[in-house]
Amino acid sequence: MALVNEHFLKLPNNYLFADIAKKVNAFKVSHPHADVISLGIGDVTQPLCPAVIEAMHKAVDEMGSSDTFRGYGPEQGYAFLREAIVKNDYLPRGIHLDPNEIFVNDGAKSDTGNIQELVRWDNSIGVTDPIYPVYIDSNVMIGRAGVVQDGKWSNVVYMPCTAENNFTPQIPDKRVDIIYLCYPNNPTGTVISKEELRKWVNYALKNDTLIFYDAAYEAYIQDPSIPHSIYEIKGARKVAIEFRSYSKTAGFTGVRCGYTVVPKELTASTIQGERIPLNHLWNRRQCTKFNGTSYISQKAAEATYSAAGKEQVKEVISYYMTNAKIMYDTLTSLGIEVYGGQNAPYLWVKTPDGSGSWRFFEQMLYNAHVVCTPGVGFGPSGEGYIRLTAFGDRNNCEEAMERLHKWLK
Ligand SMILES: *Cc1c(COP(=O)(O)O)cnc(C)c1O
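Per chain, residues are indexed from 1 in the order of the written sequence. Local features in this predicted model are restricted to residues whose pLDDT is 70 or higher, and side-chain atom pairs enter the listing and the counts only when it is 80 or higher, whereas totals over whole chains, interfaces and linings include all residues. Hydrogens and waters are ignored; side-chain quantities use all the structure's heavy atoms.

1. Quick word on the site of the ligand
The condition is simple: The rule for a residue being near a molecule or strand is that one of its heavy atoms must lie within 4 Å of it. We call two N or O atoms a polar contact when they sit within 3.5 Å, provided that within protein one can donate a hydrogen and the other can accept it, with sequence-adjacent residues counted only if both atoms are side-chain atoms. Computed with the Shrake-Rupley method and a 1.4 Å probe, the accessible areas treat only the protein chains shown as cover for residues. Here a helix means four or more residues in a row that DSSP labels H or I, a strand means two or more in a row labelled E, and each is numbered from the N terminus. Charged residues are taken to be Asp, Glu, Lys and Arg, nonpolar residues to be Ala, Val, Leu, Ile, Met, Phe, Trp, Tyr, Cys and Pro, and polar residues to be all remaining types, Gly included.
Around the ligand lies a shell of 14 residues, among which Ala 108, Tyr 217, Ser 245, Ser 247 and Lys 248 are the nearest. Note that a nitrogen atom of the ligand is positioned 2.6 Å from one of the side-chain N or O atoms of Asp 214. Ser 247 places a side-chain nitrogen or oxygen 2.6 Å from an oxygen atom of the ligand. When the ligand sits alone it has 390 Å² of accessible area, and the protein chains cover 93% of it. If you list the elements that add at least two residues to the shell around the ligand, you get helix H4 (108-114) and helix H7 (246-250). Of the residues in the shell around the ligand, the class split is 6 nonpolar, 4 polar and 4 charged.

2. Some thoughts on a nonpolar patch on the surface
Spelled out, the test is: To count toward a patch, a residue needs a relative accessible area over 30% and no salt bridge; like charges are then connected within 9 Å, while nonpolar side chains (Val, Leu, Ile, Met, Phe, Trp, Tyr) are connected within 5 Å. Salt bridges are identified by distance alone: a Lys or Arg side-chain nitrogen within 4 Å of an Asp or Glu carboxyl oxygen. Type-normalised accessible area, obtained with a 1.4 Å probe on protein chains alone, sets the label of each residue: buried when under 20%, exposed when over 50%, and partly exposed for intermediate values.
Judged by side-chain polarity, Val 4, Phe 8 and Leu 9 come together as a nonpolar surface patch covering roughly 320 Å² of accessible area. Here Val 4 shows up in the segment before helix H1 (16-30). Judged by relative accessible area, Val 4 falls into the exposed class, the value being 57%.

3. A short note on unusual backbone geometry
Following Asp 129, the chain continues to Pro 130 via a peptide bond in cis, the omega torsion being 10°. Within the secondary structure, Pro 130 sits in the loop between strand E3 (125-129) and helix H5 (133-140). Looking along the chain, the bond that leaves Asn 186 and enters Pro 187 is cis, with omega of 20°. Following the sequence through the fold, Pro 187 ends up in the loop between strand E7 (178-182) and helix H6 (194-207). In the Ramachandran plot, Asp 353 falls in the positive-phi region, its phi being about 45° despite a non-glycine side chain. Mapped onto the fold, Asp 353 is located in the loop between strand E14 (346-350) and helix H11 (357-368). The class for Asp 353 is exposed, based on a relative accessible area of 76%. The phi torsion at His 369 lies on the positive side, around 60°, for a residue other than glycine. By secondary structure assignment, the location of His 369 is in the loop between H11 and strand E15 (370-371).

What follows is the structure, encoded as structure tokens:
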């Protein structure tokens, strides 16, 4: 008899976006002529930039010729891309990485979910709340999260991020083995200052804590004082793994490419106290379970670092950030409390008169035909908020704001 991994059965049945789709479909059935605009799901809408398309075409042609064809590439990613990452994403910030500390992947979701394989099942984990669901669910699947009670997992330390604490998570008053941080944050769109991030690195150094740092949205940072990488903080290489992705940076949600940084100094302990470098362990894991990101995707990623690529990528980000500003200005002019949207493509909106997330979601859908994401779907501290994304196209964004204005004024 094959026994199932019963930890999977503990997961809530429905994925948040499936619940939303169900409600939107029910609305569409009863309102067949309504033009519904989605400011819900976190996917980009603008096409890949010309520099990327050109590189992909070229890569495809290479694959079609016997002297330039490529089969399996290195599991860790091609040297051309890892070197471009070191040179363009880190060196300008004074961070010196070795290409062997970079692991190219098929997007950050895979690695943010897989990374927990490197640590024992009985480590404690801490997450900011609300949170990107992958961090917790991947721990649930191997039994590290415990059982769910009142929307919280028994073995997870939740660090609430709300307007009351200015979305700055409190450092836990006890030891936690592993901390997940995501900045700029999905879903709240808020950022962390160098001073606050330094507190986390120092906490990790002092408590022998491992930090998983998701920087998928770093390209959206506008304020020059905000850190783009956790390695801008002294000592972070000893305690942190960083995740990056071309998905939100350059519209690669359908192309698939990202990377993980595992510094050579980073170690974790065996139960006997021997320090094990996680770079070796992750390399071993990848070589067994991953056969590399496609050459075409990696050439596409490399093209984002050319002079033209950088310029074009910046333009698209500025397009989305203009959407964010339009949304921010409209909502604040209506007297609504809005957070995020300044250094991230997400706006975290307090529901007016304290209604619940799902209730406000339905009101917005039925009154304005606009889809948002209920904040509570990202964790208990998300109750009373909704998330709007700036990833729509301009016309939709403006039309949605006009409707919200008409409805809420
Ligand atoms: C979108 C997103 C990612 C990136 O996902 P990909 O798999 O690279 O497309 C990673 N982390 C967060 C928090 C995200 O929102």
